[in-house]
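Read off the chains here:
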Amino acid sequence: MTDDCEYCRQWNQAHPAAEPRASCGPCAVCQAPGHLKAHPRQPTSLCLCRAHREELHASGYHFELYHLIYVAILGIAAIQIYPLVARLWGG
């Protein structure tokens, strides 16, 4: 897996006398050897093992905590708009 990791490849080329690097560091989830790559939905990079990287890239909907802000905005908007709509229709 080192040949698809640009960081490990660059380090191995820059340090030919040292032992070749097989991973960038420990996985952020399980501490297994992993590689540093960009997160697919957030502007960050993570060091993840192969299993957690595949889980992160799985298709389908992925709930993130920041999605709760949309629920809060919709709730506040409904609370603000309901009295106005009720007055318009004689409520």
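Residues numbered from 1 in each chain as written. Predicted model: local features only at pLDDT ≥ 70, side-chain atom pairs only at ≥ 80, totals over all residues. Heavy atoms only, no water.

Turning next to the sheet that holds strand β2 (residues 33-38). Taken in spatial order, the 3 strands of this open sheet run β1-β2-β3, and their pairing is antiparallel. At either margin of the open sheet sits one strand with a lone partner, and together these are β1 (25-26) and β3 (45-48). Looking at chain direction, β2 and β3 are connected through 4 bridges and run antiparallel. Residue pairing across strands places K37 opposite L46, the latter belonging to β3. (Pairing = 2+ DSSP bridges. Helix = DSSP H or I, 4+ residues; strand = E, 2+ residues; numbered from the N terminus.)

Our focus in this paragraph is helix α3 (residues 68-88). For α3, with 21 residues, the first-to-last C-alpha span of 30 Å sits near the 30 Å given by 1.5 Å per residue. A bend of about 30 degrees at I81 is the largest found in α3, and the proline P83 appears one to four places after it. (Expected span 1.5 Å × (residues − 1). Bend = angle between axes of the 7 residues up to and from the residue.)

Within the secondary structure, L84 sits in helix α3. Judged by relative accessible area, L84 falls into the partly exposed class, the value being 47%. (Buried < 20%, exposed > 50% of the residue type's maximum accessible area, 1.4 Å probe, protein only.)

This prediction gives the chain a mean pLDDT of 87; 96% of its residues lie at or above 70. α3 holds the highest mean pLDDT among the elements of the chain, 93, whereas helix α2 (residues 50-56) holds the lowest, 88. (pLDDT = per-residue confidence, 0-100.)

Scanning the model with the defined rule gives 1 salt bridge in all. Residue E6 is joined to R9 by a salt bridge in which the shortest nitrogen-to-oxygen separation is 2.3 Å. Here E6 pairs with R9, and both are found in helix α1 (residues 6-14), just 3 residues apart, close to one helical turn. Overall, the relative accessible area of 30% leaves R9 in the partly exposed class. (Salt bridge = Lys/Arg side-chain N within 4 Å of Asp/Glu carboxyl O.)

For R41, the location among the structural elements is in the loop between β2 and β3. With residues near it in sequence (within four places) discarded, R41 still touches L56, H62, E64 and Y66. (Contact = heavy atoms within 4.5 Å.)

Another point: the packing of aromatic side chains. Evaluation of the coordinates by the stated rule reveals 0 aromatic pairs. Over the ring of W11 we find R21, and its NZ or CZ is 4.3 Å from the ring centre. (Phe/Tyr/Trp six-rings, centres within 6.5 Å; stacked < 30°, edge-to-face > 60°. Lys NZ or Arg CZ within 6 Å of the ring centre and 35° of its normal.)

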